[in-house]
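Structure at a glance
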Amino acid sequence: MKHQTFNVKSARRTALSGAIGSVMEWYDFAIFVYLAPVISSLFFPSKDSVGSLTATYAIFAFGFISRPFGAFVYGHIGDSMGRKPVLILSVAMMGGATFCVGLLPTFDQLGPMAVVALIVLRIFQGFSVGGEFPGSTAFIIELSPPEKRGFFGSWIVSGSGIGFLIGSASAVFTAYILGPEDLADWGWRIPFLGGGVIAIVAYYFRSGIDETHQNKEAVADKGSPLLVAFQEHWLDMLRVGGLALTVNAGFYLMFVYAITYLTNNLHLSATSVMGINTLCLLAIAFCPLCFSILSDKIGRKPILLFGTISILLLSWPLFWLLNHNNLYFVFFGLFGFAVIFSMVFSINPAVMAEILPHKIRVSTLSVAYNLTLTFFGGTAPLIALFLVTWTGSEFSPVYYLMGLSIVSLVTIFSIPETGGRKLRD
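Residues numbered from 1 in each chain as written. Predicted model: local features only at pLDDT ≥ 70, side-chain atom pairs only at ≥ 80, totals over all residues. Heavy atoms only, no water.

Observations concerning the overall build of the chain
So the rule is basically this: By the criteria applied, helices consist of DSSP H or I runs no shorter than four residues and strands consist of E runs no shorter than two, each listed in order from the N terminus. Computation of the radius of gyration draws on C-alpha atoms, with the globule rule given as 2.2 Å multiplied by the number of residues to the power 0.38. Buried residues are those whose accessible area, probed at 1.4 Å on protein chains only, stays under 20% of the maximum for their type, while exposed residues exceed 50% and partly exposed ones sit between those limits. Only heavy atoms matter for contacts: two residues are in contact if any of them lie within 4.5 Å across the pair. Only the protein chains shown count as cover for residues, and the accessible areas themselves come from Shrake-Rupley with a 1.4 Å probe.
Secondary structure assignment for the chain yields 18 helices and 0 strands. In terms of overall dimensions, the chain is globule-like: its C-alpha atoms have a radius of gyration of 20 Å, near the 22 Å expected for 425 residues. Seen through its principal axes, the chain has C-alpha atoms that stretch 65 × 45 × 40 Å. The buried share of the chain, taken over its 425 residues, is 60%. Here the analysis covers contacts within the chain between residues at least 6 apart in sequence; of these, 86% occur between residues at least 24 apart. A total accessible area of about 16500 Å² is found for the chain, and carbon and sulfur atoms account for 71% of it.

Re helix α5 (residues 83-101)
Selection criterion: A helix is expected to span 1.5 Å multiplied by its residue count minus one.
The end-to-end C-alpha distance of α5 is 28 Å, a good match for the 27 Å that 19 residues give at a rise of 1.5 Å each. Every buried residue belonging to α5 is among Arg-83, Val-86, Leu-87, Ile-88, Ser-90, Val-91, Met-94, Gly-95, Ala-97, Thr-98 and Val-101, and all of these are buried.

Quick word on a nonpolar patch on the surface
To keep things clear, this is the line we draw: Distance thresholds for patches are 9 Å for like charges and 5 Å for nonpolar side chains (Val, Leu, Ile, Met, Phe, Trp, Tyr), applied to residues having over 30% relative accessible area and no salt bridge. Take a side-chain nitrogen of Lys or Arg and a carboxyl oxygen of Asp or Glu: if they are within 4 Å of each other, that pair is a salt bridge.
Among the surface-exposed residues, Trp-316, Trp-320, Tyr-328, Phe-329, Phe-332 and Tyr-399 lie close enough to one another that they form a single nonpolar patch of about 700 Å² accessible area. Secondary-structure elements contributing two or more residues to the nonpolar patch are α14 (301-322) and α15 (327-354). If one sorts the elements of the nonpolar patch by residue count, α15 sits on top with 3 residues. Residue position: Tyr-328 is located in helix α15.

What about the environment of Ile-141?
Topologically, Ile-141 is positioned in helix α7 (residues 112-142). By relative accessible area, which is 1% here, Ile-141 ends up buried.

A look at helix α4 (residues 67-80)
Helical geometry: 3.6 residues make up each α-helical turn, so side chains three or four residues apart lie on a common side. Under the 1.5 Å per step criterion, the end-to-end length of α4 is 19 Å for 14 residues, consistent within 8% with the ideal 20 Å. Three or more residues of α4 are buried, namely Arg-67, Pro-68, Gly-70, Ala-71, Tyr-74, Gly-75, Ile-77, Gly-78 and Asp-79. Among the residues trailing α4, Gly-82 stands out with phi positive, at a value near 120°.

Topic: the packing of aromatic side chains
Short version of the rule: Each aromatic pair joins two rings of Phe, Tyr and Trp (for Trp, the six-membered one) with centres within 6.5 Å, and gets the label stacked for planes under 30 degrees apart, edge-to-face for over 60, and tilted for any other angle.
Tallied over the full model, the rule gives 24 aromatic pairs. A ring pair is formed by Phe-251 and Phe-255, whose centres lie 5.3 Å apart and whose planes are at 25°; its orientation type is stacked. With Phe-251 and Phe-255 both in helix α12 (residues 234-264) and 4 residues apart, this pair spans about one turn of that helix. Overall, the relative accessible area of 4% leaves Phe-251 in the buried class. Take Phe-255: its relative accessible area is 0%, and that puts it in the buried class. Measuring from centroid to centroid gives 5.2 Å for Phe-319 and Phe-395, while their planes differ by 80°, and the two rings are edge-to-face. Of this pair, Phe-319 sits in helix α14 while Phe-395 is found in the loop between α17 (380-391) and α18 (396-414), placing the two residues 76 residues apart along the sequence. The pair Phe-319 / Phe-395 is uniform in exposure class, with both members buried. Cluster of aromatic residues (ring-pair linked, three or more members): Trp-26, Phe-164, Phe-251, Tyr-252, Phe-255 and Phe-345.

Digging into the pattern of salt bridges
Tallying each qualifying case throughout the model produces 10 salt bridges. The shortest N-O distance in the salt bridge between Asp-28 and Arg-122 comes to 3.4 Å. Of the two residues, Asp-28 is situated in helix α1 (residues 8-34) and Arg-122 in helix α7; the sequence distance between them amounts to 94 residues. The pair formed by Asp-28 and Arg-122 is uniform in burial state, with each residue classed as buried.

Observations concerning the side chain of Glu-354
Heads up, the condition is: Throughout this description, a polar contact denotes any pair of N or O atoms lying within 3.5 Å of each other; where both atoms belong to protein, one of them has to be capable of donating a hydrogen while the other can accept it, and for residues adjacent in sequence the pair is counted only when both atoms sit in side chains.
By secondary structure assignment, the location of Glu-354 is in helix α15. For Glu-354, a relative accessible area of 5% puts it in the buried group. Within the structure, the side chain of Glu-354 is placed 2.8 Å from the side chain of Arg-300, a separation counted as a polar contact. What Glu-354 contacts, discounting residues up to four positions off in sequence, is Arg-149, Arg-300, Thr-418, Gly-419, Gly-420, Leu-423 and Arg-424.

Details of unusual backbone geometry
The residue His-267 is not glycine, and still its phi comes out positive at about 60°. By the secondary structure assignment, His-267 is in the loop between α12 and α13 (270-298).

Here's the deal with the nonpolar core
What counts here: Buried Ala, Val, Leu, Ile, Met, Phe, Trp, Tyr and Cys residues that are joined via side-chain atoms within 4.5 Å together make up what is termed a nonpolar core.
Membership of the largest hydrophobic core comes to 119 residues, with the highest contact counts inside it found for Phe-43, Phe-251, Met-254, Phe-255, Leu-322, Phe-337 and Phe-341. Of all the elements, α12 adds the most residues to this core, at 18 residues. Setting aside its immediate chain neighbours within four residues, Phe-255 contacts Val-33, Phe-164, Asn-277, Cys-280, Leu-281, Ile-284, Leu-334, Phe-337, Ala-338 and Phe-341.

Below, the structure is given as structure tokens:
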């Protein structure tokens, strides 16, 4: 890679272009999660509400199953043709699929084909997301000043929190204004159609970015970047997976599964729970900026270790707070999870990019990150339901999360400190 000078103002524009894709991605997931009870009744009508909800979670998981396929395709494009094509294609496909969900006929209107259409669109969404985080991460970190890579990389995480916040607020506001009947009749479509507007804005920002010089150069000297990644950098792939493991599974457990758990099992008001969840997402939107700035000053590993150890030690007491029929306890429990997850979320983009070589950075990151999310992220709500049913313990998902945190701790100890160092060629 040739010598490159860094400009902070340019880095801000780059970070904003990358972060807006994360906003789009997590907006989609938020509205799907918050509208899951409505979607389950419209696409899986049944007297068994648990069965309908389980089917909806399965559709949710389809979006993750297709992520690795998108990762293979976008990873190859990112390392062979440059980062910009990945950023343009991913946001266009993601936004288009989200918009089309808002146009779908329901089961009563089209029968089983409505379910098939929903699955197909979820597959398209997952495929596009397979290239979003890796492409944005590589692009932002490569164009950020070395002493500010943690900070600018955290914009991706903040974009995720903001997207989830906008999506959840959109669902709550729509439900509040329209009421249950209109929401189920036609109002559920509004947030999905609104995703098309965000996609247009994201496309506008990304279409104006310039590909970096080093990404225009030949990047695969030994053949396919994916082949090189699997043959020579399998250990780096395992490290990326280990870094992504706990926080991603934990997020879907506590901000997807737990929302349904609080309303169905503890019979708390759905509106109150969604409101609390929306407030707690502010922490995920803005705490990463603070932790990332600290990582640029003291290093990545201290914060990664502190955050992961906090997940290991505090998950049980925080979930204990959630198991009280008290909204104040629920707020402090979810807020605690949001803060400790933010510690790790904030550092991950910079660390993942810094431990990977330039020529296969997108390929390695795409495959390792998305395989982890497929097997441990998108399936987390289903695994939680299974564990609770199998063990009879409401706390079994917490023990699962604590076990994953031990794997992540081993991973963190295996990587070098990367803060402020020159990126690998």
